[in-house]
Amino acid sequence: MNQYLDTQLLKKVEELSQKIDDLSSCKEVRREWVPKYEVMKYLGFGDTQMASIARKYGLVSTTIGKRRFYSTKSLLLVMDKNRA
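Computed from a prediction, not measured in an experiment: that's the story for all the values here. (Residues numbered from 1 in each chain as written. Predicted model: local features only at pLDDT ≥ 70, side-chain atom pairs only at ≥ 80, totals over all residues. Heavy atoms only, no water.)

Buried within helix α3 (residues 36-43) are the following residues: V39, M40, Y42 and L43. Along the axis of α3, the buried positions cluster into a sector of 170 degrees, meaning they face one direction only. (Buried < 20%, exposed > 50% of the residue type's maximum accessible area, 1.4 Å probe, protein only. Helix = DSSP H or I, 4+ residues; strand = E, 2+ residues; numbered from the N terminus. Arc of directions from axis to C-beta.)

Here you go:
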């Protein structure tokens, strides 16, 4: 992945982490876990690209039923490691 995409990913993850606090339902859970579809929508990634990003950066995730959630801490860690 090139530096431009890494920078874009970092910027979007920062914005995503700021929006997490604004969500009204299940604030305690949503501070720690973000639904995959929300991360994908916000970052503008499809399934394949999101899977590649998650693998490349070792994003922590959990699956409940058929839904996947990403750890906010792991997203923030990626953001810190890729700071320009």
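Structure shown, so let's carry the discussion forward.
This next bit is on the pattern of salt bridges. For the coordinates displayed, the defined rule picks out 2 salt bridges. Residues K73 and E32 are paired through a salt bridge, measuring 3.8 Å at the closest nitrogen-oxygen approach. Pair noted here: K73 is in helix α5 (residues 72-81) and E32 is in helix α2 (residues 27-32), with a separation of 41 residues, a long-range link. (Salt bridge = Lys/Arg side-chain N within 4 Å of Asp/Glu carboxyl O.)

Bringing empty space enclosed by the protein into the picture now. Under the counting rule described, the total for this entry stands at 1 cavity of 30 Å³ or more. In this model, the largest cavity occupies a volume close to 30 Å³. Every residue along the wall of the largest cavity is listed here: L9, V13, L43, M50, I53, L59, L75 and V78. Looking at the lining of the largest cavity, the elements with two or more residues in it are α1 (3-20), α4 (47-57) and α5. Residues belonging to the lining of the largest cavity are distributed by class as follows: 8 nonpolar, no polar and no charged. (1 Å grid on protein atoms, 1.4 Å probe; cavity = no way out; pocket = protein on both sides within 12 Å on 5 of 7 lines; lining within 4 Å. Points joined across faces, edges and corners; volume = space filled by probe spheres on them. Nonpolar A, V, L, I, M, F, W, Y, C, P; charged D, E, K, R; others polar.)

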